[in-house]
Amino acid sequence: MGQTNHRERFTRTTCPRNCYSSCSMIAHVKNDRLIKVTGDPKHGFSRGKLCAKGYQYPEFVYAENRLKYPLRRKGERGEEKWERISWEEACSTVADKLIESFDRRGTFRSVGYNTFSGNLGFLQHAMQGFFSYLGDHTYSVGNPCLGTGKLALERQRGGIPYHEPVTMADADCIVIWGANPAVTNIHQMKFIHTARDQGAVLIVIDPVFTPTAKVADIYIQIKPGSDAALAALLIKHLSEQNALIEPETIEGFDVFQRDLNQADVNQLLSETGIGEEALLALVTAYQNPGTVATWIGFGMQRYAFGDKSVRMVDALAILTENATLQKRPVFYIHPGFFTFHDRVDHELTPGKSPGSRGLSYNRFAETCLQFQEEPLDLLWIFNRNPLSQDESVEAWKELLDSVPFLVVSELTMTKTAMYADLILPVTSHFEQYDLHVSYWNSWLSLNEPAITPYHESRSDLSIARGVSEAMNERRPGISAFPEDLTELSWIKQVAAVLSDLQPELKDAMALRFSPLQLKSEKVKEKRSFRHHNEKNCSFLNGFFQHRTGNEPYDFQVITAQSLLHIHSQFETGMIMPDHLHRNEVAMSERVAEKEGLQDGDPVLIFNDAGEVRRHVKRDKTIADGILIMRQGGEDPVNQLMKERHSTEMKKMNSTSFYDNRASMIKAGRRLL
Ligand SMILES: Nc1nc2c(c(=O)[nH]1)N[C@H]1C(S)=C(S)[C@@H](COP(=O)(O)OP(=O)(O)OC[C@H]3O[C@@H](n4cnc5c(=O)[nH]c(N)nc54)[C@H](O)[C@@H]3O)O[C@H]1N2
Ligand SMILES: Nc1nc2c(c(=O)[nH]1)N[C@H]1C(S)=C(S)[C@@H](COP(=O)(O)OP(=O)(O)OC[C@H]3O[C@@H](n4cnc5c(=O)[nH]c(N)nc54)[C@H](O)[C@@H]3O)O[C@H]1N2
Ligand code: SF4
Ligand SMILES: [Mo]
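Residues numbered from 1 in each chain as written. Chains lettered and ligands numbered in written order. Predicted model: local features only at pLDDT ≥ 70, side-chain atom pairs only at ≥ 80, totals over all residues. Heavy atoms only, no water.

1. Focus on helix α3 (residues 87-105)
Taking 1.5 Å per residue, 19 residues should reach 27 Å; α3 reaches 27 Å between its end C-alpha atoms and fits that length. Where the residues of α3 are buried, they touch β6 (111-115), α4 (124-134), β14 (378-382), β15 (405-410), β16 (422-425) and α18 (460-474). Phi for G106, located one or two positions after α3, is positive at around 75°. (Helix = DSSP H or I, 4+ residues; strand = E, 2+ residues; numbered from the N terminus. Expected span 1.5 Å × (residues − 1). Contact = heavy atoms within 4.5 Å.)

Encoded structure:
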């Protein structure tokens, strides 16, 4: 690495993006330049293929907006005037700010971080660990992405069901509730197509006619947020036909059934917006004597009552299966991802001290703004772009305007980085070591550096080390972060910790030759609804009140993932256009027709949280009450969001990205 070498070299790396696959990939390098990236045939999930983003990595790595040097703000916040500084100056500045805060308050509680999902590798724990070594501090907790469903399944079954995603190929029927794998999980489509080739029926339930819906045998256009109602209806139907399997043997079924008896069929049906025929197709599907795979997608849980939808759909699988639970596999995530990450955090970092302030993601900015005592002196954002992706953009703007010092570690100049006092450029995965486990499949893979770091970029770990050294120079012993820690020694330690669970991991370097398939953990599934009792809130309690009490806006705004981007990432360098441009809004052709809107017409979309400007794109597959926009960009759609959580939802530490309504105007006229 590093030297000029005219021959092409190959290095095994792993795509670190927040994506189902975690593809192992081969970097092709010539003269220390990444010239091409190809899939790794030894990765048993992606099997030698990548998505368009993966193949596009050389453009990503050398993109014009990639950060090269540490930058210090010159003008006003957000004015985007910067000066280049040295790493020494950058690390000393952060060290000074941290020590200043400690001296003023006698604690590090007024320094905090917010991080999430730019890179899902194990190396990221080192940066979080840096704060843990300081002692008390403020940090973000929870999971704004898939936390609702995870908790709901854990409550319902006492654990998360897991089946190898490859086994979906053996199903006789696949029912996808709110996932769009043709866009978000393209490698899974192989197994879905195999199942269909062998005669399986594919049913897709989604308010949007997605690329996945296009290849389905049956597409059911459900009203947003009503999956709990649809699943309840199905259970009622099946129960009336005595088609539930030994429900009385299920712990907690009595409470569940009482709930269900109270629910009104007509109300349920009108909630879902679907017809009798679609309902009967689903009833038939769940009576299939063979294997019916239920995929609980992340899309259906992004609602205020998303946990109820997850629990009800899961209940449908439990109630139509015998005690072995083999024929009604439910797919959600690979729980090993969390087991491994929790373990590394636990074993290799000091953990969070009791005086630390762990703030839920879904109210992070609001909570920081409310601190009376010990307000934040310094906020460090890494691996995260809240001004584009958070649910409370308005509160985030306020927080970033008011926090005395803001540090952002980034690959590119993002919406959030533009507000920073100090921007620290990080290496891409091609420039550092890392180790990855997928949250969907059971493959674990190594990432070796393929090229020297881009300009002066550094890994998050090496930034933590630099700041720690600068702190200790000023105040010996103030930071206990291990100063000899390198990326390689960190991942070796991670592998050693994980080798308790997977002995093959004893030698992390063996992964240079092939990714490793983890041995599946024994699935601890139980036919149980033991958490359905009055105290934990029954199934449909509150569901209808919420659904009828919606705000006075005309459209539901759905902002799901897009094929050629990962959230706000891949903004530049992508040479192909995505299905929807960032400045477009897709809507029903009928609505556009009625309002005289042509393709390209400018519209303003607004609600009480904010407004965004877009150009019309007509689409005859979209239902009348829905607007579709993409995430990210200059004028992020999340400006239309604000926190809308029930108390129960808050306890679930979750988010409701699609539970969002807005109206639309053109030239001062409101369009319905
Ligand atoms: N290309 C690409 N791939 C990605 C990502 C990306 O940004 N780009 N992001 C990754 C991440 S972090 C995640 S979390 C996953 C998410 O991937 P998925 O699990 O596929 O989830 P979403 O894209 O959020 O939503 C899936 C579908 O749910 C539908 N939906 C919305 N509301 C409802 C509803 O009320 N009921 C039902 N039944 N369906 C509904 C949406 O229209 C959408 O088609 O994708 C990952 N993969
Ligand atoms: N409207 C709407 N909003 C959503 C969603 C939605 O469906 N609709 N989905 C939600 C979901 S599922 C998710 S997962 C979140 C994602 O929320 P975020 O994690 O905030 O999403 P990204 O846009 O991927 O931002 C990650 C940032 O980390 C940076 N980064 C990448 N690698 C590294 C690294 O190694 N080190 C450092 N320091 N930085 C790095 C990237 O450049 C990028 O700017 O968005 C949520 N927001
Ligand atoms: S974005 Fe996902 S599918 Fe594409 S290369 Fe990365 S891990 Fe693979
Ligand atoms: Mo996500």
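Right, picking up where we left off after that structure.
2. As for the sheet that holds strand β12 (residues 330-331)
Reading across from one edge, β10-β9-β8-β11-β12 is the order of the five strands in this open sheet, with parallel pairing throughout. In this open sheet, the two strands that pair with only one neighbour each are β10 (218-220) and β12. With three bridges joining them, strand β9 (residues 201-205) and β10 adopt parallel strand pairing. Each residue of the ladder has a partner; that of I203, found in β10, is I218. (Pairing = 2+ DSSP bridges.)

3. Describing the pattern of salt bridges
Going through the model one piece at a time under the given rule, you end up with 29 salt bridges. Here D103 makes a salt bridge to R475, at a shortest N to O gap of 2.8 Å. Taken together, the residues span a long stretch of sequence, with D103 in helix α3 and R475 in the loop between α18 and α19 (487-498) at a distance of 372 residues. Its relative accessible area of 46% is what places D103 among the partly exposed residues. For R475, a relative accessible area of 34% gives the class partly exposed. Among the salt bridges present, the one from R343 reaches D500, with a minimum N-O distance of 2.5 Å. Highlighted residues: R343 in helix α14 (residues 336-348) and D500 in the loop between α19 and β19 (516-517), separated in sequence by 157 residues. In this structure D500 comes out as exposed when scored by relative accessible area, which is 57%. Connected through salt bridges with shared partners, the residues E100, R104, R105 and D377 form a single ionic network. (Salt bridge = Lys/Arg side-chain N within 4 Å of Asp/Glu carboxyl O. Buried < 20%, exposed > 50% of the residue type's maximum accessible area, 1.4 Å probe, protein only.)

4. Digging into the UniProt feature "domain: 4Fe-4S Mo/W bis-MGD-type" (unreviewed entry) in the protein chain
UniProt's entry tags residues 8-65 with the feature "domain: 4Fe-4S Mo/W bis-MGD-type" (unreviewed entry), counted in the numbering of this structure. Taken end to end, residues 8-65 is 16% helix and 34% strand, and its first and last C-alpha atoms sit 27 Å apart. (UniProt positions renumbered as here; feature names shortened; annotations may be inferred.)

5. Some thoughts on the packing of helix α9 (residues 227-240) against helix α13 (residues 306-319)
Viewed as axis vectors pointing N to C, α9 and α13 meet at an angle of 25°, and their least axial separation amounts to 7 Å. Classed by the angle they form, the pair α9 and α13 counts as roughly parallel. The element α9 and its partner α13 pack so that their crossing is left-handed. For the pair formed by α9 and α13, the contact residues are D227, A228, A231, A232, L234, I235 and L238 on the first element and K308, S309, M312, V313, A315, L316 and L319 on the second. (Axes fitted to C-alpha atoms, helices over the stretch in contact; angles between N-to-C directions. Parallel < 35°, antiparallel > 145°, perpendicular 65-115°, else oblique. Left-handed = near helix turned anticlockwise from the far one by under 90°.)

6. Focus on a negative patch on the surface
Where like charges cluster on the molecular surface, the negative patch consists of E88, E469, E473, E483 and D484. Tracing the backbone through its elements, the reader meets E483 in the loop between α18 and α19. (Patch = residues over 30% accessible without salt bridge, like charges linked within 9 Å, V, L, I, M, F, W, Y side chains within 5 Å. Areas by Shrake-Rupley, 256 points an atom, 1.4 Å probe, with all protein chains shown as cover. Lys, Arg positive; Asp, Glu negative; His and termini not counted. Charge placed at Lys NZ, Arg CZ, Asp CG, Glu CD.)

7. Some details on the packing of aromatic side chains
For the structure shown, the criterion picks out 30 aromatic pairs. Between the aromatic rings of Y113 and Y139, the centroid separation amounts to 6.2 Å while the plane-to-plane angle is 35°, which identifies the pairing as tilted. You can see Y113 sitting in strand β6 and its partner Y139 sitting in strand β7 (residues 138-141), a full 26 residues away along the chain. These aromatic residues form a ring-pair network of at least three members: Y20, W295, F298, F331, Y332, F337, F338, Y439 and W440. Cation over ring: R84 sits above Y69, and NZ or CZ is 3.5 Å from the ring centre. Just above the ring of F338 sits the side chain of K150; from NZ or CZ to the centre is 4.7 Å. (Phe/Tyr/Trp six-rings, centres within 6.5 Å; stacked < 30°, edge-to-face > 60°. Lys NZ or Arg CZ within 6 Å of the ring centre and 35° of its normal.)

8. As for the site of ligand 2
What surrounds ligand 2 is a group of 32 residues, the closest being S117, E410, D460, S568 and N638. Q389 is positioned such that a nitrogen or oxygen atom in its backbone is 2.8 Å from a nitrogen atom of ligand 2. Within the side chain of T559, one N or O atom sits 2.9 Å away from a nitrogen atom of ligand 2. Protein chains bury 99% of the 920 Å² of accessible surface belonging to ligand 2 in isolation. Looking at side-chain class alone, the shell around ligand 2 contains ten nonpolar, 17 polar and five charged residues. Mapping the shell around ligand 2 onto the domain boundaries places at least three of its residues in each of domain 1 (71-144 + 336-429 + 452-502) and domain 3 (545-666). (Near = heavy atom within 4 Å. Polar contact = N/O pair within 3.5 Å; in protein donor to acceptor, adjacent residues only side chain to side chain. Nonpolar A, V, L, I, M, F, W, Y, C, P; charged D, E, K, R; others polar. Domains from an automatic or database assignment.)

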